[in-house]
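What follows is each chain in one-letter form.
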Amino acid sequence: MKPFAVTSIGLAAVMAASISTAHARDQIRIVGSSTVFPFASYVAEELGATTKWPTPVIESTGSGGGMKLFCEGNGLNTPDITNASRRMKPSEFERCQENGVTDITEAMIGYDGIAFAQSNKNDSAEFTREQIAMALLEQVPVDGELVDNPYKKWSDIDSSLPDREIRVYGPPSTSGTRDAFEELVLEAVTEEMEAYGNEGYANLRKDGVYIDAGENDNLIVQKLENDTDAFGIFGYSFLEENSNKLIGSNVDGVAPEPDAIGSGEYPVSRSLFFYIKNSHADDVPAMNDYVELFMSDKMISDLGYLKGIGMIPLPQAELEELQSAVAERKKLQLSDLK
């Protein structure tokens with residue numbers, strides 16, 4: 001089986017065709033995270049190959065974009081499932097509730113690290129989170145005062161860093177990877193610094209140093225192949241998949257490796273999710289088989305297929321607890337997200 005054969009297509013166009021039809025459909029419609037996309041695609045291919053159901057339609061919209069589509073309402077012209085590389089925000093939950101999407105189940109599937117990587121044509125580099133933040137924040141402290149970021153080269157920040165222009169390709173504001181990077185690196189650093197009032201600050205530079213490369217992490221990989229002076233921000237699975245082209249950087253002295261990501265030792269690691277719109281289950285019966293397959297040991301255990309393409313499995317006890325909650329379609333509550 002080819003794990004990445006499912007193609008990200010314009011789901012909006014497919015949905016538009018069903019706006020006037022309220023009857024049941026066989027094909028599941030999924031949106032959301034580019035990081036979760038390859039894992040969901042693998043499961044979708046397996047569902048199409050081993051059951052009577054057609055392969056689900058999946059669109060990589062980013063976590064934020066997927067939540068917006070998912071929460072638009074209960075009509076069958078809306079997605080059945082949305083993938084996310086960070087947890088649903090309380091504001092997104094409230095938007096769902098306002099639009100009648102009141103029965104949602106959260107499925108946590110594993111862990112992923114955010115890699116800070118470059119072309120393997122370079123020597124390896126090590127960074128602290130503070131150094132990365134000082135390179136990318138719009139304003140940084142100089143002599144105790146916040147000023148527009150003056151740093152042009154990494155070596156301007158610390159002489160131990162590469163003597164190369166600071167240039168970083170990363171995800172857009174709708175991406176869960178971007179959300180997690182801002183929280184785990186930028187905010188984590190600045191909330192410890194007096195110059196920022198000990199409050200998290202995550203405004204990225206707008207002078208061309210941080211380059212929004214879109215939702216498709218493979219495009220960032222391609223950029224780094226051509227622009228060997230640059231670094232990129234994307235999910236660990238894409239680093240593993242392209243280990244013949246890229247090298248990841250140690251962050252705070254820890255390498256982006258599976259054991260360190262799964263244990264939380266690697267400081268830029270996060271959880272991966274998908275969210276189920278339970279109101280669609282009767283009219284889209286394939287959903288139950290897809291969810292069961294995704295949450296199975298076959299897919300997400302330590303011996304599961306998805307580990308082989310870069311997902312970091314959950315500890316066994318935690319996995320069993322989450323499998324049970326999803327099987328029972330535990331209803332997500334606002335209090336779960338706070």
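Cut-off values and rules
- Residues numbered from 1 in each chain as written.
- Predicted model: local features only at pLDDT ≥ 70, side-chain atom pairs only at ≥ 80, totals over all residues.
- Heavy atoms only, no water.
- Helix = DSSP H or I, 4+ residues; strand = E, 2+ residues; numbered from the N terminus.
- Rg over C-alpha atoms; globule rule 2.2 N^0.38 Å.
- Buried < 20%, exposed > 50% of the residue type's maximum accessible area, 1.4 Å probe, protein only.
- Contact = heavy atoms within 4.5 Å.
- Areas by Shrake-Rupley, 256 points an atom, 1.4 Å probe, with all protein chains shown as cover.
- Lys, Arg positive; Asp, Glu negative; His and termini not counted.
- Charge placed at Lys NZ, Arg CZ, Asp CG, Glu CD.
- Disulfide = S-S within 2.5 Å.
- Arc of directions from axis to C-beta.
- Polar contact = N/O pair within 3.5 Å; in protein donor to acceptor, adjacent residues only side chain to side chain.
- Axes fitted to C-alpha atoms, helices over the stretch in contact; angles between N-to-C directions.
- Parallel < 35°, antiparallel > 145°, perpendicular 65-115°, else oblique.
- Nonpolar A, V, L, I, M, F, W, Y, C, P; charged D, E, K, R; others polar.
- Core = buried A, V, L, I, M, F, W, Y, C linked by side-chain atoms within 4.5 Å.
- pLDDT = per-residue confidence, 0-100.

Sorry if this is basic, but what is going on with the overall build of the protein here?
Looking only at helices and strands, the protein features 13 helices and 13 strands. A compact globule built from 338 residues should have a C-alpha radius of gyration of about 20 Å, and the protein, at 20 Å, falls within 12% of that. Expressed as a percentage of the 338 residues in the protein, the buried residues total 54%. Summarising the internal contacts of the protein: among those between residues at least 6 apart in sequence, 74% fall at separations of at least 24. Here the protein has roughly 14,400 Å² of accessible surface; of this, 45% comes from carbon and sulfur atoms. Between the mean site of the 28 positive side-chain charges and the mean site of the 55 negative ones, the protein shows a separation of 6 Å.

Honestly, the state of the cysteines in this entry has me stumped. Any pointers?
Where two cysteines share a covalent bond between their sulfur atoms, that bond is called a disulfide. By the definition in use, this model includes 1 disulfide. The partner cysteine of Cys 71 in its disulfide is Cys 96, sulfur to sulfur 1.9 Å. Taking the sign of the torsion about the S-S bond as the criterion, the disulfide between Cys 71 and Cys 96, at about -75°, is left-handed. With Cys 71 in the loop between helix H3 (63–70) and strand E3 (81–84) and Cys 96 in helix H4 (residues 90–98), this pair connects stretches of sequence that are 25 residues apart. The same class applies to Cys 71 as to Cys 96, namely buried.

Help me understand helix H8 (residues 217–226) in this model?
Since the α-helix packs 3.6 residues into each turn, any two residues three or four apart lie on the same face. For H8, the full list of buried residues reads Asp 217, Ile 220, Val 221 and Leu 224. Buried residues of H8, viewed axially, fall in a sector of 105°; they line one side. Close packing links the buried residues of H8 with strand E4 (104–119), strand E8 (168–170), strand E10 (231–235), helix H9 (236–241) and strand E11 (246–248). The backbone nitrogen of Asn 218 lies 2.9 Å from a side-chain oxygen of the residue at the head of H8, namely Asn 216.

How should the packing of helix H5 (residues 129–136) against helix H7 (residues 176–190) be read in this particular structure?
Each pair of packed helices gets described by two things: the angle between the helix axes and the distance between those axes. Direction vectors running N to C along H5 and H7 enclose 95°, while the axes themselves pass 9 Å from each other. Classed by the angle they form, the pair H5 and H7 counts as roughly perpendicular. Here Arg 129, Glu 130, Ile 132, Ala 133 and Leu 136 of H5 come into contact with H7, specifically with Phe 181, Leu 184, Val 185, Leu 186, Ala 188 and Val 189. Of the residues assigned to the contact of H5 with H7, the class counts are 9 nonpolar, no polar and 2 charged.

Mind showing me how you'd approach unusual backbone geometry here?
For residues besides glycine, phi is generally negative; the peptide bonds are generally trans as well. A positive phi is found at Asp 252, a non-glycine position, where the angle reads about 50°. Along the chain, Asp 252 turns up in the loop between strand E12 (250–251) and helix H10 (258–263). What makes Asp 252 partly exposed here is its relative accessible area of 34%. Phi is positive for Arg 329, close to 55°, though the residue is something other than glycine. Topologically, Arg 329 is positioned in the segment after helix H13 (316–327).

What exactly am I supposed to notice about H3 here?
Of all 8 residues making up H3, 6 are buried, and the element is well covered by its neighbours. Elements that come into contact with the buried residues of H3 comprise strand E1 (29–32), E3, H4, E4, H7 and strand E13 (269–277).

Honestly, the nonpolar core in this entry has me stumped. Any pointers?
Among the nonpolar cores identified, the biggest contains 101 residues, and Leu 136, Tyr 290, Phe 294 and Leu 306 are the most heavily contacted of them. In terms of residue count, E4 provides more of this core than any other element does, 9 residues in total. Apart from residues no more than four positions distant in its own chain, Leu 136 is found in contact with Asn 149, Val 168, Phe 181, Asn 203, Leu 204, Arg 205, Val 209, Tyr 210 and Ile 233.

Is there a simple way to explain the confidence of the model for the protein in this structure?
The predicted coordinates ought not to be read in detail in places where the model reports low pLDDT. A residue-level look at the protein finds 93% of positions with pLDDT of 70 or above and a mean pLDDT of 92. Overall, residues 1–9 carries pLDDT values under 50, and its contacts beyond four positions in sequence, including any with other chains, amount to 28 contacts.

Just checking my understanding: could you explain the side chain of Ser 34 for this structure?
Summarising the element assignment, Ser 34 is placed in the loop between E1 and helix H2 (37–50). Given the relative accessible area of 6%, Ser 34 is considered buried. In this structure Ser 34 touches Ser 60, Gly 62, Glu 215, Asp 217 and Phe 238, once residues within four positions along its chain are discounted.

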